[in-house]
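Listed below, chain by chain, are the residues.
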Amino acid sequence: MGLKIWSTFLADFLRQCGGYAVIDGGLATELERHGADLNDPLWSAKCLVSSPHLIRRVHLDYLEAGANIIISSSYQATLQGFEEKGISREEGEALLKRSVEIAREARNIYNDRAAKGSWDDFADGLSNLKCRPVLVAASVGSYGAYLADGSEYSGIYGDAISVKTLKDFHRRRVQVLANSGADLIAFETTPNKMEAQAYAELLEEEAINIPAWFSFSSKDGTNVVGGDSMLECASIADSCKQVTGIGINCTPPRYIQGLIQSIRKVTSKPIIVYPNSGETYDGEKKEWVASTGVAEEDFVSYVDKWCEAGVSLIGGCCRTTPKTIRAISKVLSSRSHRV
Ligand SMILES: [Zn+2]
């Protein structure tokens, strides 16, 4: 059986959704709000072991807020990271699959409730209470996310790291997630073009037979965090057959507009944007520095501009909440009607 051509997968999905799709928001922030303790290098992946019900709850909150795409809790879940915690290869692979299963369970629960028309658990959920197409994306964080030393936000991996090292690092996790029942793989917060190249080669070498999106982060509006130009990174993504969308995540809203223009120059694949709240992350202290963020209303005021610039999938990354997603969903559904 040959490889399917996956490049139009998201474009087809967008047509089902009426032109625009809503991505979910931050996971860690919400897990903490529900009482999870994430003070661990495995971060939200720790909940896979200790409290999967909380993860399912957060997925459900986002579906209820209008999300069409929910992203699994595997961002920082790596087989190497699990092994360092005494979790065997076999158990680690089971946990990766579990992260996708939990998201799929949330989708089933959502669809059941929507079909029955009962939404007792959610006081103000009635407006979004309808069956709609939902995708489960399996998250893959960068090598820097595994290091948990803030290098995902600098993109600087040092001379010892090559495309080959990165491919070997990601290989098994990508294989496992490709066979986990997820609809696509979301490569998130990619900090440099070397890692994008590694992903593209890996997808091809391993003949990964589900679609993927590549999403990059930036702290200046022109380059990704490691200093490579957004344009170059988007070109690498564009030339990969399995890549069905290209985007920007975990980046302050004020930088997004310029980055969209760079991506637009090199691809006709759908453009994905899910920024953080605009606050900055202190990699040393491992905490978010408040006060530099934008208010919810400001965040949402960008949505129309991003759509005008050619974006069709919008959500939120770190420090965004179901409230943010509900607001985005409102804007996008009013635009959808005009399609
Ligand atoms: Zn983020």
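First, a word on what this report is: a plain description of the structure on this page. In this text the structure is predicted, and so the values were computed from the model without any measurement.

## Brief notes about the nonpolar core
Alright, step 1. Ile70, Ala137, Leu184, Ile185, Phe214, Val273 and Ile314 are the most contacted members of the largest nonpolar core, which totals 103 residues.
Alright, step 2. For Ala137, the residues in contact, after removing those within four places along its chain, are Ile69, Ile71, Ser72, Ala182, Asp183, Leu184, Ile185 and Ala186.

## Brief notes about the sheet that holds strand S4 (residues 184-190)
Alright, step 1. In spatial order, the strands read S1-S10-S7-S6-S5-S4-S3-S2; together these 8 strands make up an open sheet with parallel pairing. Strands at the two margins of the open sheet, each flanked by one partner only, are strand S1 (21-22) and strand S2 (69-71).

## Observations concerning helix H1 (residues 9-17)
Alright, step 1. Those residues of H1 that fall on the buried side of the exposure criterion are Phe9, Leu10, Phe13, Leu14 and Cys17. Taken around the axis of H1, the buried residues stretch over an arc of 130°, which confines them to a single face. Of the exposed residues in H1, those oriented more than 90 degrees away from the buried face are Asp12 and Arg15.
Alright, step 2. Of the surrounding secondary structure, the elements contacted by the buried residues of H1 are S1, strand S3 (135-140), S4, strand S6 (243-249), strand S10 (311-314) and helix H13 (322-336).
Alright, step 3. Gly18, located one to two residues past H1, shows a positive phi value of around 90°.

## Details of unusual backbone geometry
Alright, step 1. For Ala207, which is not a glycine, the phi torsion comes out positive at approximately 45°.
Alright, step 2. Position of Ala207 relative to the elements: it lies in the loop between helix H9 (193-205) and strand S5 (212-216).
Alright, step 3. The exposure class assigned to Ala207 is exposed, which follows from the 11 C-beta atoms found within 10 Å.
Alright, step 4. A positive phi angle, close to 70°, is found at Arg319, a residue other than glycine.
Alright, step 5. Structurally, the position occupied by Arg319 is in the loop between S10 and H13.

## Overview of helix H6 (residues 89-116)
Alright, step 1. A rise of 1.5 Å per residue sets the reference length of H6, with its 28 residues, at 40 Å; its end C-alpha atoms lie 41 Å apart and thus fit the reference within 8%.
Alright, step 2. Of the surrounding elements, those touching the buried residues of H6 are helix H3 (46-50), helix H4 (52-64), S2, helix H5 (79-84), S3 and helix H8 (163-178).
Alright, step 3. Looking one or two places after H6, you find Gly117, whose phi comes out positive at around 75°.

Definitions and limits used
- Residues numbered from 1 in each chain as written.
- Predicted model: local features only at pLDDT ≥ 70, side-chain atom pairs only at ≥ 80, totals over all residues.
- Core = buried A, V, L, I, M, F, W, Y, C linked by C-beta atoms within 7 Å.
- Buried ≥ 20, exposed ≤ 12 C-beta atoms within 10 Å, placed from the backbone.
- Contact = placed C-beta atoms within 7 Å.
- Pairing = 2+ DSSP bridges.
- Helix = DSSP H or I, 4+ residues; strand = E, 2+ residues; numbered from the N terminus.
- Arc of directions from axis to C-beta.
- Expected span 1.5 Å × (residues − 1).

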